[in-house]
Amino acid sequence: MGDLRDRRSPGGVAGRGAWRAVGALGAAFVILLPVSASGPGAGPRPGAGGLPSGFAPPPAALRSGGAWPERGPPAGSPVAVNGRLRVCGTRLCNQHGAPVQLRGMSAHGLQWYRDCLTRRSLEALARDWRADVLRLPVYVHEGGYATDPRRITDRVHRLIAQAAALGMYVVVDWHLLGPGDPHRHLGRAATFFTEIARRHAARGNVLYEIVNEPYRVPWARVRDYAERLVPVIRRYDPRAPVLVGTRGWSSLGVSENSDEREIVNAPVRADDIMYTFHFYAGGHGRPYLDALSRAADRIPVFVTEFGTTDPEGRGDDFGRAGRYLDLMARKKISWVNWNYSDVSVFRGRDLPGRPVRGHRLAAPRGRLDQGPAADPRPLPGTAPPARLTAAPPHPAAAPIVRLIAVPVAHPAAAGVRGGGLPRRPGPAPG
């Protein structure tokens, strides 16, 4: 994908506003499907990778599967309905073994946009946008974890608890931009994930993304890193999905003249592993789309980051984004859109004292029509709204969410919810 530092840092060109359009892509929900949970296993038990040098884990291992802390997830929420997730074959499955598709949003750097991730904005994400999952990028450098581990870790603890109270899943993302070899920070990663898993395993809503975008490093090196770190998490959370970044900025190797076969032929030797793929529709064309399609038939894939622009935040390709969304819907590939932050959606300083109004970000078989804003009072600082036309009320059986409108009127006023199928308790029908 090239060097992505500019699009991630507020000091870079893209960070100064080019990413507003990217955050327009995102309403999320779980789809329960009548699909068999049968399929090839996720691989043998963790190999003897060992713990990082100098790392001493706590003596007692906590086991997941206990009672929900506090009051548990609210009834009807994604976590309440689907429970603890696991990997079955090439799919992400719920507690009943039924494949599910999570859809949601990624935050930006937790060290930068503190005014956006508030109780009220998370409520809007869960209830109005109907997101299933929130991704929390823990930047290692750029003023993040390496600068103040305690502050960043405490912020992650708080956000996991807030998401759990809303019944959302959380992807905790070790957001390493550089160096491209994750081994350089293995000790820090082990310390961080030990604390996160130990404290939150009982909640059952956490997925662990142990490296964001490795690059200029062989897949064997990334796999070795994963096989050393996964046992650290498994001491406390034996079955939660662990998401492993792929070579070439999580392009399944495509950005470094390889492809998914290097992973298929040498998967991480552990259970409940998924492999991440990132795309930016404005710049990642047919080779990337084809690699994602092939990979999803062979290995468990989770798209933990994508947008409608190119990798540097320029332009939009909604047509290609729609093709990616169609593919992910057909193959039940979970996704998280970049990003839910002051840069893309809100202007944080405008939030205190103001209502966080709902947004309709997607509708089935809708058509994106640039036109007058449906709401003449958009949130301050957001991109000009688009108008979604030819979109019927959301039917229970709509299989595909196609194109996306940026913030419009409250979905209740528009008569269309921002999510998809009703959230029903119990296993998938059939």
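Report on the accompanying structure.

What counts as what
- Here the residue numbers are simple positions, counted from 1 along each chain's written sequence.
- It should be noted that, the model being predicted, local features are given only for residues of pLDDT at least 70 and side-chain atom pairs only at 80 or more, the latter also being counted only at that level, while totals for whole chains, interfaces and linings use all residues.
- Think of the side-chain values as coming from all heavy atoms in the structure, minus any hydrogens and water.
- By definition, disulfides here are pairs of cysteine sulfur atoms that lie within 2.5 Å.
- Think of it in three bands: residues with accessible area under 20% of the maximum for their type are buried, residues over 50% are exposed, and the middle band is partly exposed, with areas taken using a 1.4 Å probe on protein chains only.
- Counting from the N terminus, the helices are the DSSP runs of H or I reaching at least four residues and the strands are the DSSP runs of E reaching at least two.
- Multiplying 1.5 Å by the residue count of a helix minus one yields the expected span of that helix.
- When DSSP finds two or more bridges between two strands, those strands count as paired.
- Axes here refer to lines fitted to C-alpha atoms; in helices the fit is confined to the stretch in contact. Angles between the N-to-C directions go from 0 to 180 degrees.
- In this scheme, roughly parallel covers angles under 35 degrees and roughly antiparallel covers those over 145, while 65 to 115 is roughly perpendicular and the rest are oblique.
- Should any heavy atoms of two residues lie within 4.5 Å, those residues are considered in contact.
- Throughout, the ten residues Ala, Val, Leu, Ile, Met, Phe, Trp, Tyr, Cys and Pro are labelled nonpolar, Asp, Glu, Lys and Arg are labelled charged, and all others, Gly among them, are labelled polar.
- Salt bridge, as used here: a side-chain nitrogen of Lys or Arg that lies within 4 Å of a carboxyl oxygen of Asp or Glu.

### Some details on the state of the cysteines
Next up, step 1: A complete count under the given rule lists 1 disulfide for this structure.
Next up, step 2: Here Cys 88 pairs with Cys 93 through a disulfide, and the sulfurs are 1.6 Å apart. With respect to class, Cys 88 is no different from Cys 93; both count as buried.

### Considering helix α6 (residues 219–234)
Next up, step 1: Between its first and last C-alpha atoms α6 spans 22 Å; for 16 residues at 1.5 Å apiece the expected length is 22 Å, and the two agree.
Next up, step 2: Taken together, the buried positions of α6 are Trp 219, Val 222, Arg 223, Tyr 225, Ala 226, Glu 227, Leu 229, Val 230, Val 232, Ile 233 and Arg 234.

### A closer look at the pairing of strand β3 (residues 103–106)
On a regular strand, each side chain points to the face opposite its neighbour's, so the side chains alternate between the two faces of the sheet.
Next up, step 1: Bridging between β3 and strand β10 (residues 335–338) involves 4 bridges; their strand directions are parallel. If you follow Gly 104 over to β10, its bridge partner there is Val 336.
Next up, step 2: Pairing of β3 with strand β4 (residues 133–139), which is carried by 3 bridges, proceeds in the parallel orientation. Paired with Ser 106 across the strands is Arg 135, a residue of β4.

### Focus: the packing of helix α9 (residues 286–296) against helix α10 (residues 318–330)
Next up, step 1: At a closest axis distance of 11 Å, the pairing of α9 and α10 adopts a crossing angle of 5 degrees. The orientation of α9 relative to α10 falls into the category roughly parallel. Here α9 contributes Tyr 288, Leu 289, Leu 292 and Ser 293 to the contact with α10, which in turn contributes Arg 323, Tyr 324, Leu 327 and Met 328.
Next up, step 2: When its residues are assigned to classes, the contact of α9 with α10 shows 6 nonpolar, 1 polar and 1 charged.

### Regarding the pattern of salt bridges
Next up, step 1: Counted according to the given criterion, the structure contains 20 salt bridges.
Next up, step 2: Taking the shortest distance from any N to any O, the salt bridge between Arg 247 and Glu 256 comes out at 3.2 Å.
Next up, step 3: Accessibility expressed as a relative area gives 14% for Arg 247, which makes it buried.
Next up, step 4: The exposure class of Glu 256 is buried, given its relative accessible area of 15%.
Next up, step 5: Salt-bridge contacts for Arg 294 lead to Glu 260; the nearest nitrogen and oxygen are separated by 2.8 Å. With a gap of 34 residues between them, Arg 294 in helix α9 and Glu 260 in the loop between α7 (247–250) and α8 (261–264) connect regions that are remote in the sequence.
Next up, step 6: Relative accessible area serves as the criterion here: at 38%, Arg 294 is assigned to the partly exposed category.
Next up, step 7: Counted as one network, the salt bridges with shared partners bring together Arg 135, Asp 173, Glu 209 and Glu 305.

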